[in-house]
Amino acid sequence: MTSKLSRNLRLVFSYAFLIALVVIVFYPIAWAFMGSLNPGDSLSKTKLFTTDLSFKHYIYLFKETNYLKWYWNTLKIALGTMVLSTIFVVSAGYAFSRYRFKGRKYGLMTMLVLQMFPSFMGMIAIFLLLDRVGLLDTHIGLILVYSGGGIPFGAWLVKGYFDGIPKSLEEAARIDGAGHITVFFKVMVPLARPILVFVAVNNFIGPWMDFIFARLVLTSPEKKTLAIGLFDMITGKSNTQFTNFAAGAVLVAIPITILFILFQKHIVEGLKAGANKG
Amino acid sequence: MAEITLNGIQKQYEGDQAPSVTDFNLDISNGELIVFVGPSGCGKSTTLRMIAGLEDITDGTLSINGNVVNQTPPKERDIAMVFQDYALYPQMSVYDNMAFGLKLRKYDKSEIKERVENAAKILGLTPYIDRKPKALSGGQRQRVALGRHRSESEGVLDG
């Protein structure tokens, strides 16, 4: 009798907790969404429950601003970073996991230490470097900045995952007649898929959301990313287009939501693996 | 057809004080079945791994069919090895596991199929040919590991 009661109590608390979490997560999203549908410019007049809705902010985004252009720029940068940094990270992680070379230990330690400094510390250096090589105000430059910055964390994660794959698999493949390249692509990469997807998705989301480096590197208006373009709507003295901003923000969330839904299983696996071995 | 000759084989791991294998001499003629027995850590696996080419030989010569193969990479030695943990490729089916080496050695598709199916029949693996190693019992996995090599070459080292 008492055990049944305590079980019910526990259930009630669990559900209460979950419901609270859902409210905390969804409340701001609901506001942004409703704000994007409210006519008028100010969020303070927005009501969460109202029937007075319009799509005029979305129309404004597409008609009056360069929203599509920004979207395309951001997509390009995010996809480029995803591909490039996944290649970097996987090859670095594999080398650190499987090869014994001079400086391996110190290399790993260096990456671990570097990771602890916030990336803003390198901003001036990055700016000067890009200026020297003439990549300032280019998307390639920005992609390189993101991809390079993602290596330390990702390489550790992938190295840890590769460490967990038995060496005998590679040896068996070598006896079977595989060279280094075949071992890597036919045996190791397929086995490391969960962590690779995790790294790839992470490196997509980073640039997609980033504001600081995009602002630093990109200066001309036609190269703006979503983050900069949207933020410009609500900063400055006369820019108070909070509702247009909300509409833009709602659309920004779409690709990431799709990515998460598609790769949810892999992301969870990757997180777990990272927790165990990274 | 294979003869293996070990002549004064020695293995010294870096950082170890004593060598793991010292002055090991052995002639194995064709078709002969050899068993290494000994306490753990006495160098049985190390010797096998040297014959397979997975470990460098510190000193001495190893010849297969009269050719010294100390520097030959594993894939050119035409040997096969069953690992202690079987080392089956988890992402491949039983068929692909057994066909992997043949594919890398560029056999015809039809010949691969014939060899693999033949090996599977001998080992009683035909009903499981499309399964992944995860869905097999321990004994079945061991047989796949054997079959992976039986389908490919003559000499087998069982680690």
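Rules and cut-offs
- Residues numbered from 1 in each chain as written.
- Chains lettered and ligands numbered in written order.
- Predicted model: local features only at pLDDT ≥ 70, side-chain atom pairs only at ≥ 80, totals over all residues.
- Helix = DSSP H or I, 4+ residues; strand = E, 2+ residues; numbered from the N terminus.
- Buried ≥ 20, exposed ≤ 12 C-beta atoms within 10 Å, placed from the backbone.
- Contact = placed C-beta atoms within 7 Å.
- UniProt positions renumbered as here; feature names shortened; annotations may be inferred.
- Core = buried A, V, L, I, M, F, W, Y, C linked by C-beta atoms within 7 Å.
- Nonpolar A, V, L, I, M, F, W, Y, C, P; charged D, E, K, R; others polar.
- Expected span 1.5 Å × (residues − 1).
- Arc of directions from axis to C-beta.
- Domains from an automatic or database assignment.
- Pairing = 2+ DSSP bridges.

Student: With reference to specific residues and values, describe the overall build of chain B.
Tutor: On a plain count of helices and strands, chain B comes out with four helices and six strands. Traced from its N-terminal end to its C-terminal end, chain B shows the element sequence β-β-α-β-β-β-α-α-α-β. Principal axes of the C-alpha set define a box for chain B whose edges measure 50 × 30 × 25 Å. Out of the 159 residues belonging to chain B, those deemed buried represent 31%. Of all intrachain contacts in chain B linking residues separated by at least 6 positions in sequence, the fraction that spans at least 24 positions is 60%.

Student: Quick one: what's the story with the UniProt feature "transmembrane region" (unreviewed entry) in chain A, residue by residue and with numbers?
Tutor: Residue and element names in this part refer to chain A. Within the UniProt annotation, "transmembrane region" (unreviewed entry) is assigned to residues 12-34, 77-96, 108-130, 142-162, 183-205 and 242-263. In this annotation, residues 12-34 is assigned 100% helix and 0% strand; the end-to-end C-alpha distance for the span is 31 Å. Taken end to end, residues 242-263 is 100% helix and 0% strand, and its first and last C-alpha atoms sit 32 Å apart.

Student: Just give me the short version of the nonpolar core, but keep the residues and values in it.
Tutor: With 87 residues, the main nonpolar core has Leu142(A), Val158(A), Ile195(A) and Val199(A) as its most contacted residues. Look past the residues within four positions of Val199(A) in its chain and what remains in contact with it is Thr86(A), Val89(A), Gly154(A), Leu157(A) and Val158(A).

Student: Break down the interface of chain A and chain B for me, citing the residues and quoting the values.
Tutor: Taken together, the 14 residues of chain A in the interface contact 17 residues of chain B. Every element with two or more residues in the side of chain A that touches chain B is listed here: helix H7 (167-176) and helix H8 (180-191) of chain A. Broken down by element, the residue count for the side of chain A that touches chain B peaks at seven residues, all from H7(A). Among the residues forming the side of chain A that touches chain B, the class breakdown is eight nonpolar, three polar and three charged.

Student: Before we move on, can you summarise helix H3 (residues 109-122) of chain B with the specific residues and values?
Tutor: Residues that lie three or four places apart on an α-helix share one face, since the helix turns once every 3.6 residues. Residue and element names in this part refer to chain B. In a regular helix each residue adds 1.5 Å, so 14 residues correspond to 20 Å; H3 covers 20 Å between its end C-alpha atoms and thus fits that length. When H3 is considered as a whole, its buried residues turn out to be Ile112, Val116, Ala119 and Ala120. Along the axis of H3, the buried positions cluster into a sector of 100°, meaning they face one direction only. Facing away from the buried side of H3 by over 90 degrees, the exposed positions are Ser110, Glu111 and Lys121. Downstream of H3 by a residue or two, Gly124 has a phi angle that is positive, lying close to 70°.

Student: How would you sum up the domain arrangement of chain A? Please name residues and give values.
Tutor: When the parts of a complex come together, some accessible area is lost, and that lost area is often used as the size of the interface. Residues and elements named next belong to chain A. Considered domain by domain, chain A is made up of domain 1 (2-45) and domain 2 (64-277). On a C-alpha basis, the centres of domain 1 and domain 2 stand 31 Å from each other. Each side of the interface is counted separately: domain 1 has nine residues, and domain 2 has eight residues. Considered class by class, the residues forming the side of domain 1 that touches domain 2 number three nonpolar, five polar and one charged.

Student: Any chance you could break down the domain arrangement of chain B for me, citing the residues and the numbers?
Tutor: Along its sequence, chain B is organised into domain 1 (4-78) and domain 2 (94-158). The centre of domain 1 of chain B, based on its C-alpha atoms, is set 26 Å off from the matching centre of domain 2 of chain B.

Student: Which residues make up the pairing of strand S3 (residues 59-64) of chain B, and what values go with them?
Tutor: Residues and elements named next belong to chain B. Bridge analysis of strand S1 (residues 4-11) against S3 gives five bridges, and the strand direction is antiparallel. Bridge pairing links Thr5 to Ser63 in S3. As judged from the two bridges shared by S3 and strand S4 (residues 67-68), these two strands associate in the antiparallel manner. The residue bridging Ile64 from the neighbouring strand is Asn67, located in S4. Counted between consecutive antiparallel strands, the loop separating S3 from S4 contains two residues, among which Asn65 sits at a positive phi close to 55°.

Student: So what about the pairing of S1(B)? Which residues, and what values?
Tutor: Note that S1(B) and strand S2 (residues 21-28) of chain B share five bridges and pair antiparallel. Residue Ile4(B) lies in a different strand from S2(B), and its bridge partner there is Ile28(B).

Student: So, the sheet that holds S2(B): which residues are in play, and what are the values?
Tutor: Reading across the sheet, the four strands line up as S2-S1-S3-S4 (chain B) and stay open at both edges, with antiparallel pairing between neighbours. Each end of this open sheet is capped by a strand with a single partner; those strands are S2 and S4 of chain B.

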